[in-house]
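Tertiary structure, described
Below, each chain spelled out in residue letters.
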Amino acid sequence: MKKKLDLRKEPSSSEVLLKKIIIDTDPGQDDALALMTAFGSEKLQVLGVTCVAGNVSLDLTSENALKICELTGKEEIPVFRGCEKPLTRKLVTAEHVHGKTGLDGTELDLKNKKVEKYEASDFIIETLLENDRKKITLCALGPLTNIATALLKKPEIGDLLEEIVLMGGGFFEGGNITPAAEFNIYVDPEAAKIVLSSGIKITMLPLDVTHKTLVDRQFLSKLRSSDKNSATQAAKLLDFFERYDVKKYGSKGGPLHDPNVIVYLLNPEIYKGKIVNVEVETESDLTRGMTVVDWWEVTDRPKNVNYINEVNSDAFFNHVLKNVLNLTK
Ligand code: RIB
Ligand code: CA
């Protein structure tokens, strides 16, 4: 019997009422805003942050997650290193979007916090085995390599998860890393295929919805004028992050992708979508990582995903702002 993961103190009575989540992430400025949105919520208990290679290397995504925990005063949240490359393919990163550190736009300190000694997929497995069934939601903000690895190691954890809520994919909006594919799915399409065919309840926040949450000046100025360092640092991160998409799409602001996962979890009523079949292309070079969404139900393929394509953008930004400003520092 494996040693219990005694990483967390016994939950207080109030914690018992909180929604338990694990956040799998490749920070990334928008991941950083998602982490802050989760950390600033009084309704979530973040059991751990598992890091994956994606926007930048695993060394950097892990370091960035540690920095965000220290920046926001959440040093107690354990951070785990996961997979440094996709299941079978070479790693593709996105420094052209996120900069060489993955958190370009500002320089964050890292004083004392260290990654835990457990590997990310082992933490996911052990935490699910140790908790009651269907009580933990996995929030995936990057390539799905860690989650697929956990499922390959221990398939029965699929039945223990309450839900996977992930940022990834796109259909009506096309792709962002290729004309056909969104980055998170593109990096590790085999991992995405494993997750989408796992039978686990999945909600997908694709580009079709994240391209409707465009950062605006008012939101940025409210962050910038805060007395909280987390908020002012978030503004600097977003100033850098959105420059790429503003130039590419000619829009007034850049899409804020990953916080949609957390806001959906807290406020699903501001979103709309449909339960449909979603498959991933893994064979073709031209359409590698494309999410093929049977939106008009023209096949009899299993309806495996709650596919979200609408959001109340003002409500979204109000939730992000409220939670970031609720951080203790
Ligand atoms: O395509 C957008 C996604 O890719 C976001 O999660 C962003 O952080 C990058 O990982
Ligand atoms: Ca991400």
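Preceding this paragraph is the structure being described.
First, a word on scope: everything that follows refers to the structure included in this document. (Residues numbered from 1 in each chain as written. Chains lettered and ligands numbered in written order. Predicted model: local features only at pLDDT ≥ 70, side-chain atom pairs only at ≥ 80, totals over all residues. Heavy atoms only, no water.)

1. Comments concerning unusual backbone geometry
Positioned with a positive phi, Lys 134 is a non-glycine residue whose angle comes to about 55°. Located in the positive-phi region is Glu 297, a residue other than glycine, with phi close to 50°. Counting through the fold element by element, Glu 297 comes out in the loop between β9 (291–293) and β10 (305–311). (Helix = DSSP H or I, 4+ residues; strand = E, 2+ residues; numbered from the N terminus.)

2. Some words on the site of ligand 1
Around ligand 1, 13 residues are found, and the nearest of them are Asp 30, Leu 141, Asn 176, Glu 182 and Asp 258. In the model, an oxygen atom of ligand 1 is placed 2.8 Å from a nitrogen or oxygen of the Asn 176 side chain. Calculation on ligand 1 without its partners gives an accessible area of 270 Å², and the protein chains cover 96% of this total. Taken together, the elements giving at least two residues each to the shell around ligand 1 come down to α2 (29–39) and α7 (183–187). Of the residues contributing to the shell around ligand 1, the split by class is three nonpolar, five polar and five charged. (Near = heavy atom within 4 Å. Polar contact = N/O pair within 3.5 Å; in protein donor to acceptor, adjacent residues only side chain to side chain. Areas by Shrake-Rupley, 256 points an atom, 1.4 Å probe, with all protein chains shown as cover. Nonpolar A, V, L, I, M, F, W, Y, C, P; charged D, E, K, R; others polar.)

3. What to know about helix α8 (residues 189–196)
Listed in full, the buried residues belonging to α8 are Pro 189, Ala 191, Ala 192, Val 195 and Leu 196. Along the axis of α8, the buried residues cluster in a sector spanning 155°; they form a single face. Buried-residue contacts for α8 involve α6 (145–153), β5 (161–167), α7, β6 (202–205), β8 (278–280) and β10. (Buried < 20%, exposed > 50% of the residue type's maximum accessible area, 1.4 Å probe, protein only. Arc of directions from axis to C-beta. Contact = heavy atoms within 4.5 Å.)

4. Concerning the nonpolar core
Membership of the largest hydrophobic core comes to 63 residues, with the highest contact counts inside it found for Phe 39 and Tyr 271. Ignoring any residue separated from it by four or fewer positions in sequence, one finds Tyr 271 in contact with Leu 205, Val 209, Asn 260, Val 263, Tyr 264, Ile 308, Glu 310, Val 311 and Phe 316. Judged by nonpolar contacts, the second largest core, of 37 residues, contains Ile 22, Ile 164, Ala 192 and Val 305. (Core = buried A, V, L, I, M, F, W, Y, C linked by side-chain atoms within 4.5 Å.)

5. Observations concerning the sheet that holds β10
Whenever strands of a sheet pair, they do so through backbone hydrogen bonds, lying parallel or antiparallel. Read from one edge of the open sheet, eight strands run β3-β2-β1-β4-β5-β6-β10-β7, paired in mixed fashion. Each of the sheet's edge strands pairs with one partner strand only, and the pair in question is β3 (79–81) and β7 (271–276). With direction set aside, neighbouring strand axes in the sheet form an average angle of 25°. Judged from the five bridges that link them, strand β1 (residues 19–25) and strand β4 (residues 136–140) form a sheet pairing that is parallel. Bridge pairing links Ile 23 to Cys 139 in β4. Taken strand by strand, helix α12 (residues 259–266) contacts β1, β2 (44–51), β4, β5, β6, β7 and β10, and its axis lies near 140° from that of β5. (Pairing = 2+ DSSP bridges. Axes fitted to C-alpha atoms, helices over the stretch in contact; angles between N-to-C directions.)

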